[in-house]
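# Examining the three-dimensional arrangement
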Amino acid sequence: MGIFDLFNWTGSHSNPQVRTSLTRSQLETLFQETKAEMQVRNYAIQIAINKLASALSLCKFETYKEGEVNRDVYWWKFNYEPNPNTNMHDFLYQIIYQMIWNDDGALVLQSKEGDFVVAKRFDVVESSYYPNYYQNIELYGGYNQGYAKESDVLRFQLPNKEVRKLIDDLFSTYGKFIAVSTQSYIRDRSMKLILKLGTQFDQSIQVDEETGEEFNPVDELMTHRFKNLFDDGNTITPLEEGLEFDTLAKTATPQNRTNSKEISELVDKVIDLTADAFGIPRGLLKGDVADVEAMTDNFITFAVRPLAKEIETELNRKIYGRKDVLDGTKIKVITGTIQTYNIVSFAAAADKLIAASIATPNEMREALEWERLANPLMDEIKETKNYQKLGTDKDKE
């Protein structure tokens, strides 16, 4: 059943409850065109979601107890397995997807077993001085939970909640440009034929010998016999006396035709505006490789780190609380693991960090995504004589 069948609609005025001057075929075309236009917007937003979720999945969630690294159950949950059915990459994708598409953000619930699950749909009742509460909660997998308090959930929202609405408003203009250009492109390259009906061709209403139903010979030509002419491949169509085809001359010249490059430029513009809205470098969102290192630094600073901070803050205030965080028991989202490093170019910087007592050798190995060594010396802070205070060297000559 289609949308028009819900109204028992056969024409523009057949149902008095449907107030429109458009025919059914015109509205069907309108819905199809609108759907095609929206696909461009959805495509731009979807690749932005993929970039953000993929970058966040490369972050490391480090847990601490009283200032010391302590890989507890939350370290496992937020690095590997939030729940038995989802890995961390898919979990982060669901969160980013909901943060962007849902005006109220992403809602995460924790089960009695300690598993974290993203809500697919929910309604929020917000308050200024009292905790919010959530209702009509639907989880992925079809499970429904009727009610939850603010203290029982994790809620993640974009730093700028209006970003998707901004994209929608911009696309309302560029979507029209894309639709007009696409229609013009198809129209300029379509074949226009004229069918001349002579007096020898019988145009009177006829009766089908098998079904007994009346039919118009001209309609039968258009809907059945000549349909094969516009299909792919070789075709043959009988043409009796009284019928003649002629080609209508095309008015568009190669100079003023709409070309595919113009449409691609409009699509690129939508992607550029989407990238700007989310703080993603334009070239990075489109997959350009020129100056990728600088774009990646910009992407992490202005797009990923604010999202990582949003997630980190919500986890700390809801899971650990004020007292634990002040005591150094908390979780941190490390964005420095997003980028990969060439071992040769990284060697000098690593040596300097170790020599200046900023990092341990094992921490430098982790930055290269190498395994830690069990040797206790690899976890010690080193200090070279160049960084010692004057007068502390006992081995004076």
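Remember, predicted model here, so these are calculated numbers, not experimental data. In this convention, every chain numbers its residues from 1, walking through the sequence in written order. Since the coordinates come from a predicted model, pLDDT governs what is reported: local features require at least 70, and pairs of side-chain atoms require 80 or more to be given and counted, while whole-chain, interface and lining totals use all residues. To get the side-chain values, all heavy atoms of the structure are used, and hydrogens and water are removed first.

Before going further, it helps to examine the overall build of the chain. The way it works is that DSSP assigns letters per residue, a run of H or I at least four long becomes a helix, a run of E at least two long becomes a strand, and they are numbered from the N terminus. A count of helices and strands for the chain gives 11 helices and 12 strands. Throughout, exposure labels follow a simple rule: accessible area from a 1.4 Å probe, protein chains only, divided by the maximum for the residue type, with under 20% read as buried, over 50% as exposed, and the rest as partly exposed. Out of the 397 residues belonging to the chain, those deemed buried represent 34%. Contacts are assigned to residue pairs that have any heavy atoms within 4.5 Å of one another. In the chain, the share of contacts with a sequence separation of at least 24, taken over all contacts with a separation of at least 6, comes to 55%. Computed with the Shrake-Rupley method and a 1.4 Å probe, the accessible areas treat only the protein chains shown as cover for residues. When the accessible area of the chain is evaluated, it comes to approximately 25,800 Å², of which 51% is carbon and sulfur surface.

Take the nonpolar core next. Buried Ala, Val, Leu, Ile, Met, Phe, Trp, Tyr and Cys residues that are joined via side-chain atoms within 4.5 Å together make up what is termed a nonpolar core. The biggest cluster of nonpolar side chains holds 50 residues, and the ones touching the most others in it are Leu56, Phe61, Ile96, Phe156 and Ile280. Ignoring anything within four residues of it in the chain, the contact list for Ile280 reads Ala48, Leu52, Ala275, Leu285, Phe299 and Ala303. Core analysis: the second largest hydrophobic core is formed by 10 residues, Leu107, Ile137, Ala148 and Val153 among them.

A word on the packing of aromatic side chains. Each aromatic ring pair is described using two quantities: the centre-to-centre distance and the angle formed by the ring planes. The aromatic pairing rule takes the rings of Phe, Tyr and Trp, using the six-membered ring of Trp, and pairs them if the centres are within 6.5 Å, calling planes under 30 degrees apart stacked, those over 60 edge-to-face and the rest tilted. A complete count under the given rule lists 11 aromatic pairs for this structure. Aromatic pair Phe61 and Phe78: ring centres 6.0 Å apart, planes at 25°, arrangement stacked. Here the residue Phe61 occupies a position in strand 1 (residues 60-65), and Phe78 occupies one in helix 2 (residues 73-79), the gap between them amounting to 17 residues. Residues Phe61 and Phe78 agree in their burial class; the two are buried. For the ring pair Phe122 and Tyr134, a centre distance of 6.0 Å and an interplane angle of 65° mean the geometry is edge-to-face. Here Tyr134 lies in strand 5 (residues 133-139) and Phe122 lies in strand 4 (residues 116-125), a separation of 12 residues in the sequence. The exposure class assigned to Tyr134 is buried, which follows from its relative accessible area of 0%.

Moving on, we come to unusual backbone geometry. Excluding glycine, a negative phi dihedral is what most residues carry, and trans is how most peptide bonds are arranged. One non-glycine residue, Glu66, lies in the positive phi region at around 50°. Following the sequence through the fold, Glu66 ends up in the loop between strand 1 and strand 2 (68-69). Of note, Asp291 is a non-glycine position whose phi angle comes to about 55°, a positive value. Structurally, the position occupied by Asp291 is in the loop between helix 7 (282-286) and helix 8 (292-320). A relative accessible area of 57% means that Asp291 is categorised as exposed.

Two strands qualify as a pair provided that DSSP identifies no fewer than 2 bridges between them. Read from one edge to the other, the open sheet built from five strands follows the order 6-5-4-3-7, with strand pairing classed as antiparallel. Bordering the open sheet on either side are strand 6 (144-149) and strand 7 (153-156), each of which pairs with just one other strand. Averaged over all neighbouring strand pairs, the angle between strand axes comes to 40°, with direction disregarded. Across three bridges, strand 3 (residues 106-110) lies against strand 4 in antiparallel orientation. What sits directly across from Gln110, in strand 4, is Phe116. For helices, the axis comes from a line fit to the C-alpha atoms of the stretch in contact; other axes are also lines fit to C-alpha atoms, and the angle between any two N-to-C directions lies between 0 and 180 degrees. In the packing of helix 8 onto the sheet, the strands contacted are strand 4 and strand 7, and the crossing angle to strand 7 comes to about 160°.

Owing to its 3.6 residues per turn, the α-helix brings residues three or four apart onto one side. Remark: the principal bend of helix 8, roughly 40°, maps to Val304, with a proline, Pro306, within the next four residues. Two residues or fewer past helix 8, Gly321 is found with a positive phi of approximately 90°. Fitting one axis to the seven residues ending at a residue and another to the seven starting there, the bend at that residue is the angle between the two axes.

Reading across the sheet, the three strands line up as 2-1-12 and stay open at both edges, with antiparallel pairing between neighbours. The two strands at the open ends of the sheet, each matched to only one other strand, are strand 2 and strand 12 (330-334). Sheet topology places strand 1 next to strand 2; two bridges connect them, and they run antiparallel. Bridge pairing in strand 2 places Lys65 opposite Glu68. Along the sheet, helix 8 makes contact with strand 1 and strand 12, crossing strand 12 at roughly 170°.

A separate point is the confidence of the model for the chain. What pLDDT reports is the predictor's confidence in each residue, on a scale of 0 through 100. Overall, the prediction assigns the chain a mean pLDDT of 80, with 78% of residues at 70 or greater. The least confident element of the chain is helix 4 (residues 163-188), whose mean pLDDT is 72; the most confident is strand 7, at 96. Here residues 1-22 scores under 50 on pLDDT; set against residues more than four positions off or in separate chains, the count is 28 contacts.

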